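Next come the chains, spelled out residue by residue.
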Amino acid sequence: QSLLVESGGGLVQPGGSLRLSCTTSVSMFILDHYAVGWFRQAPGKEREGVACIGKGHTGIKYYVDSVKDRVTISRDNTNNTVYLHLSDVKPEDTAIYNCAASQLFAGGNCRVTSLVDQYDHEGRGTRVTVSS
């Protein structure tokens, strides 16, 4: 089992919204100690970054330009979970969404340029399908 576990995917109609969750399979793995990023890979396309949140109380929130008006990332430290809320979904949002955790960023910084190069841990993903 992966250290990170995503959930919340499924079938959603265009214009709808969904909330994806990223939590851990090991209670001692505290997500607030990590920058957490969300990535997605659409069918036939390369994986791309979506958003990230830096570690700790000074952690920034970063969104890629293509989704920044429709996406919100947040933490719930009580539940050791990071959420990705996506609104006004479009068919092009159809993808497998992965969360990833990193201690490679300085301070509360984060980016989602490369999952492989910037993140230490990765979940198996949750599938989102946007279709009417």
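Above this text sits the structure in question.
Description of the structure in this document. Predicted, not measured: the structure shown is a model, and the values here were computed from it.

## Some thoughts on the nonpolar core
Thinking step 1. Ranked by size, the top nonpolar core spans 38 residues in total, and within it Trp 38, Leu 84 and Tyr 97 carry the most contacts.
Thinking step 2. In terms of residue count, strand E9 (residues 95-102) provides more of this core than any other element does, five residues in total.
Thinking step 3. The residues touching Tyr 97, leaving out its near neighbours within four places in the chain, are Glu 6, Leu 20, Trp 38, Phe 39, Arg 40, Val 50, Leu 84, Leu 86, Gly 125, Thr 126 and Val 128.

## Description of the sheet that holds strand E8 (residues 81-86)
Thinking step 1. In spatial order, the strands read E1-E3-E8-E7; together these four strands make up an open sheet with antiparallel pairing. Lying at the two open borders of the sheet, with one neighbouring strand each, are strand E1 (4-7) and strand E7 (71-76). Sheet twist, expressed as the mean angle between neighbouring strand axes with direction ignored, is 20 degrees.
Thinking step 2. Pairing of E1 with strand E3 (residues 18-24), which is carried by four bridges, proceeds in the antiparallel orientation. Looking across to E3, one finds that Val 5 is bridged to Thr 23.

## Here's the deal with the state of the cysteines
Thinking step 1. Following the criterion strictly, the structure yields two disulfides and no others.
Thinking step 2. Shown here is the disulfide that connects Cys 22 with Cys 99, its sulfur atoms set 2.0 Å apart. On the sign convention where negative is left-handed, the bridge of Cys 22 and Cys 99, at about 65 degrees about the S-S bond, is right-handed. With Cys 22 in strand E3 and Cys 99 in strand E9, the pair connects residues that are 77 residues apart, well separated along the chain. Cys 99 matches Cys 22 in its accessibility class, with the two residues each being buried.
Thinking step 3. Sulfur-sulfur distance for the disulfide between Cys 52 and Cys 110 comes to 2.2 Å. Taking the sign of the torsion about the S-S bond as the criterion, the disulfide between Cys 52 and Cys 110, at about 85 degrees, is right-handed. Of the two residues, Cys 52 is situated in strand E5 (residues 48-53) and Cys 110 in the loop between E9 and helix H1 (115-118); the sequence distance between them amounts to 58 residues.
Thinking step 4. The exposure class of Cys 52 is buried, given its relative accessible area of 0%.

How each quantity is defined
- Residues numbered from 1 in each chain as written.
- Predicted model: local features only at pLDDT ≥ 70, side-chain atom pairs only at ≥ 80, totals over all residues.
- Heavy atoms only, no water.
- Core = buried A, V, L, I, M, F, W, Y, C linked by side-chain atoms within 4.5 Å.
- Buried < 20%, exposed > 50% of the residue type's maximum accessible area, 1.4 Å probe, protein only.
- Helix = DSSP H or I, 4+ residues; strand = E, 2+ residues; numbered from the N terminus.
- Contact = heavy atoms within 4.5 Å.
- Pairing = 2+ DSSP bridges.
- Axes fitted to C-alpha atoms, helices over the stretch in contact; angles between N-to-C directions.
- Disulfide = S-S within 2.5 Å.

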